[in-house]
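The primary structure of each chain is shown beneath.
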Amino acid sequence: MSRIRIPPMLRGDVGGAREVPAEGDTVRELLFDLMGRFPSLRPQLVEDDEIAPFVNVYLEGEDVRTLEGLETSVDDGSTVILLPAMAGGF
Amino acid sequence: MPNYRELLQQVKSEIDEVDVTQARGLLDAPGRPLVVDVRELDEWTEGRIPGAIHIPRGNLESRIEQAAPDRAQSIFLYCAAGNRSAFAAKSLEELGYENVVSLAGGYTDWKRSGLPTELPRTLDGEKRQRYSRHVLIPEVGEEGQLKLLDSRVLLLGAGGLGSPSALYLAAAGVGRLGIVDDDKVDASNLQRQVLHSTSRLGEWKAESAKRTLEELNPDVEVVPYIERLTSENVERILADGWDVIIDGADNFPTRYLINDAAVWHDIPLVHGSIYRFEGQATVFKPGDGPCYRCLFPQPPPPELAPSCAEGGVLGVLPGIVGSLQASEALKLCLGIGEPLVGRLLLFDALATEFSEVNLRRDPNCPVCGDSPTITEYVDYVEFCSGRPAHA
């Protein structure tokens, strides 16, 4: 079991939770577990079976694109942070 | 008990002294020692040996470790005549410094021999008082404060993030602040945009900001740009010369535009963004870390990117994130500390939690990568609309 931190703009899709547990041995399995339970997240996280270019996924503080992308293996108890771009300044 | 003269003789016999000729050789040679002027402030302000730093004799023991953390560092001390610096050399040896010399005859002999001197720039009495809490910090000091007064920071937006940034930068004495904002003060802004006030409703934010900031600190020149940053005006605005840019924009087209401009002009960009209870900050420093496009190659489709106007924001949140941006900008102007380069700081006000993720430069980045494919301004509104961009 790992924990996925949900950014504020996506919390509406997961019933308001700040963090959601998910199962999986790779980033792909974790995200698909999450999106299986909260299908409205899918277009906001993946595009053409890849992590969407406007979202970053961090595993223990490292961008998974700099690791092995969706195939990056995940240790039990890891923290994953989803980070979509935010424009707000005003 | 020895009298003063006897004590001086004894100390001089225990330290290494050089005369002006030897001193000249020492200071011209490679591996130049750290030159420390131990005289009082009024003497220092009347002229010094070029490149010297100033630590008055009375503060020497407490401040020398900051200037010379390594005990093996060569240190060259001087005062007016070579007596105070002799005692200073003795104190440094007692502190464990191994390579300390004192200039016999001091600055008086140096100057009489026709060797080069320079007049240090100093803060006048009023500025010394205004910035005294900066001057007291070893990492800032008088030189740092003079640097801030010479610094020029451009702020995109005089809104939530721009308000605290601009206030603190002005208070800190950053000499020139540019403010780009094409909006007017609205009642719904005042819950967080502390640059403005109820009496300014309907005024241009850039003008309102100028009034507030110049009232706070008349040393600061505020340049208002009452316009939205676009591909057409960005070069003109940057031509006014800026050392650091603070991005407090509220939309993606402006964020991509200023990113590209900052990369091409080699200007550090201090990024901040906020939404509801959460904020992010980082520094994009060209050549020394990623840029915004490395982090987000593409903006989200508009329907997935709510703005603060739609999603709301806790009033104090921009206060925290904007202050972090000001702190990063001051560090960049001063050249001190570890700026947030290659690190994205995340703040969650509800949990009161800071976390950090690592950012890396993308060698394939279309703007700052090894083989850039975007080399001129594009249509940023179109690029962010989800339709294919030109470039």
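Fair warning: this is a prediction, and the values are worked out from it, not measured in the lab.

Moving on: the overall build of chain A. Across its full length, chain A holds two helices and seven strands. Secondary structure of chain A in N-to-C order comes out as β-β-α-α-β-β-β-β-β. Taking 12 Å as the expected radius of gyration for a compact globule of 90 residues, we find that chain A reaches 12 Å, a close match to that expectation. Within chain A, the proportion of its 90 residues that are buried is 39%. Of the contacts formed within chain A by residues at least 6 apart in sequence, a portion of 53% connects residues at least 24 apart.

Moving on, we come to the overall build of chain B. Each helix and strand counted, chain B has 17 helices and 13 strands in total. Projected onto the principal axes, the alpha-carbon positions of chain B cover approximately 85 × 50 × 45 Å. By the burial criterion, 44% of the 391 residues in chain B qualify as buried. Here the contacts in chain B between residues at least 6 apart in sequence split such that 66% fall between residues at least 24 apart.

If you look at the interface, chain A gives 19 residues, while chain B gives 35 residues. Sorting the residues of the side of chain A that touches chain B by element identifies strand S5 (55-59), strand S6 (62-63) and strand S7 (79-84) of chain A as the ones contributing at least two each. Here the side of chain A that touches chain B is composed, by residue class, of eleven nonpolar, six polar and two charged.

Residue and element names in this part refer to chain A. With mixed pairing, the five strands of this open sheet are ordered in space as S2-S1-S7-S5-S6. The sheet is open, and its two borders are formed by strand S2 (19-22) and S6, each paired with just one other strand. Packed on one face of the sheet, helix H1 (residues 27-37) meets strand S1 (2-5), S2, S5 and S7 and runs near 115° to S2.

Bringing H1(A) into the picture now. Residues and elements named next belong to chain A. Of all the positions in H1, only Val27, Leu30, Leu31 and Leu34 are classed as buried. Viewed end-on, H1 has its buried residues packed into an arc of 90°, placing them on one side of the element. Where H1 is buried, its residues contact S1, S2, helix H2 (42-45), S5 and S7.

A word on the pairing of strand S7 (residues 176-180) of chain B. Residue and element names in this part refer to chain B. Most of S7 is tucked away, with four of its five residues classed as buried. Note that strand S6 (residues 152-156) and S7 share five bridges and pair parallel. Bridge assignment links Leu154 to a residue of S7, and that residue is Gly178. With respect to chirality, the unit in which S6 leads through helix H10 (residues 162-171) into the neighbouring parallel S7 is right-handed. As paired elements, S7 and strand S8 (residues 221-225) share five bridges and run parallel to each other. Among the inter-strand pairings, Leu177 is bridged to a residue of S8, identified as Val222. Note on the crossover from S7 through helix H11 (residues 205-216) to S8: the handedness is right-handed.

Next up on the list: the environment of B:Pro50. Residues and elements named next belong to chain B. Tracing the sequence through the fold places Pro50 in the loop between helix H3 (41-44) and strand S3 (53-54). Judged by the 11 C-beta atoms lying within 10 Å of it, Pro50 is exposed. On a C-alpha basis, the gap between Pro50 and Val35 in space is 8.8 Å, while along the polypeptide they are 15 residues apart. Excluding anything up to four places from it in sequence, Pro50 contacts Pro116 and Glu118.

Next up on the list: the sheet that holds strand S13 (residues 353-358) of chain B. Residue and element names in this part refer to chain B. Taken together, eight strands build an open sheet; the order of strands is S8-S7-S6-S9-S10-S11-S12-S13 and the sheet is mixed. Of all strands in the sheet, those with a lone pairing partner are S8 and S13, marking the two edges. Direction aside, the axes of adjacent strands within the sheet are offset by 15° on average. The strands touched by H10 are S6, S7 and strand S9 (244-247); relative to S7, the strand with the most contacts, the crossing angle is about 165°.

What follows deals with unusual backbone geometry. Residue and element names in this part refer to chain A. The backbone of Asp49 sits at a positive phi, close to 65°, despite the residue not being glycine. Take Asp49: it is sitting in the loop between strand S3 (46-47) and strand S4 (50-51). The exposure class assigned to Asp49 is exposed, which follows from the 7 C-beta atoms found within 10 Å.

Once that is clear, we can look at the nonpolar core. Residues and elements named next belong to chain B. Among the nonpolar cores identified, the biggest contains 96 residues, and Val153, Ala166, Leu177, Val244, Ile245 and Ala329 are the most heavily contacted of them. At nine residues, helix H16 (residues 317-334) tops the list of elements feeding residues into this core. Residue contacts for Ile245: discarding those within four places in its chain leaves Leu154, Leu156, Ile258, Ala262, Ile267, Leu269 and Val270. Of all hydrophobic cores here, the second largest spans 27 residues; its members include Ala23, Phe76, Leu92 and Val101.

We now examine the confidence of the model for chain B. Summary statistics for chain B give a mean pLDDT of 94 and a share of 97% for residues scoring 70 or more. At the level of chain-chain contacts, confidence expressed as ipTM amounts to 0.93, with global pTM at 0.80.

The next subject is the domain arrangement of chain B. Interface size, as often reported, equals the accessible area lost upon joining of the parts. Structurally, chain B comprises domain 1 (4-112) and domain 2 (151-383). With centres defined by C-alpha atoms, the gap from domain 1 of chain B to domain 2 of chain B works out at 45 Å.

Bringing the environment of B:Gln73 into the picture now. Residues and elements named next belong to chain B. Considering the arrangement of structural elements, one finds Gln73 in the loop between helix H4 (60-67) and strand S4 (74-78). Classification of Gln73 as partly exposed rests on a count of 15 C-beta atoms within 10 Å. Each C-alpha atom, one on Gln73 and one on Val11, is 21 Å from the other, the two residues being 62 residues apart in sequence. Setting aside anything within four residues of it in sequence, one finds Gln73 in contact with Leu34 and Ala68.

Once that is clear, we can look at helix H13 (residues 252-265) of chain B. Residue and element names in this part refer to chain B. Over its 14 residues, H13 runs 20 Å from end to end, which matches the ideal 20 Å to within 8%, given 1.5 Å per residue. The element H13 is extensively covered by neighbouring structure, given that twelve of its 14 residues are classed as buried. Looking at H13, one finds that the buried residues are Phe252, Pro253, Thr254, Arg255, Tyr256, Leu257, Ile258, Asn259, Asp260, Ala261, Ala262 and Val263. Immediately downstream of H13, the backbone of Asp266 shows phi near 55°, a positive value.

How each quantity is defined
- Residues numbered from 1 in each chain as written.
- Chains lettered and ligands numbered in written order.
- Predicted model: local features only at pLDDT ≥ 70, side-chain atom pairs only at ≥ 80, totals over all residues.
- Helix = DSSP H or I, 4+ residues; strand = E, 2+ residues; numbered from the N terminus.
- Rg over C-alpha atoms; globule rule 2.2 N^0.38 Å.
- Buried ≥ 20, exposed ≤ 12 C-beta atoms within 10 Å, placed from the backbone.
- Contact = placed C-beta atoms within 7 Å.
- Nonpolar A, V, L, I, M, F, W, Y, C, P; charged D, E, K, R; others polar.
- Pairing = 2+ DSSP bridges.
- Axes fitted to C-alpha atoms, helices over the stretch in contact; angles between N-to-C directions.
- Arc of directions from axis to C-beta.
- Right-handed = clockwise from strand over helix to strand, strands pointing away.
- Core = buried A, V, L, I, M, F, W, Y, C linked by C-beta atoms within 7 Å.
- pLDDT = per-residue confidence, 0-100.
- Domains from an automatic or database assignment.
- Expected span 1.5 Å × (residues − 1).

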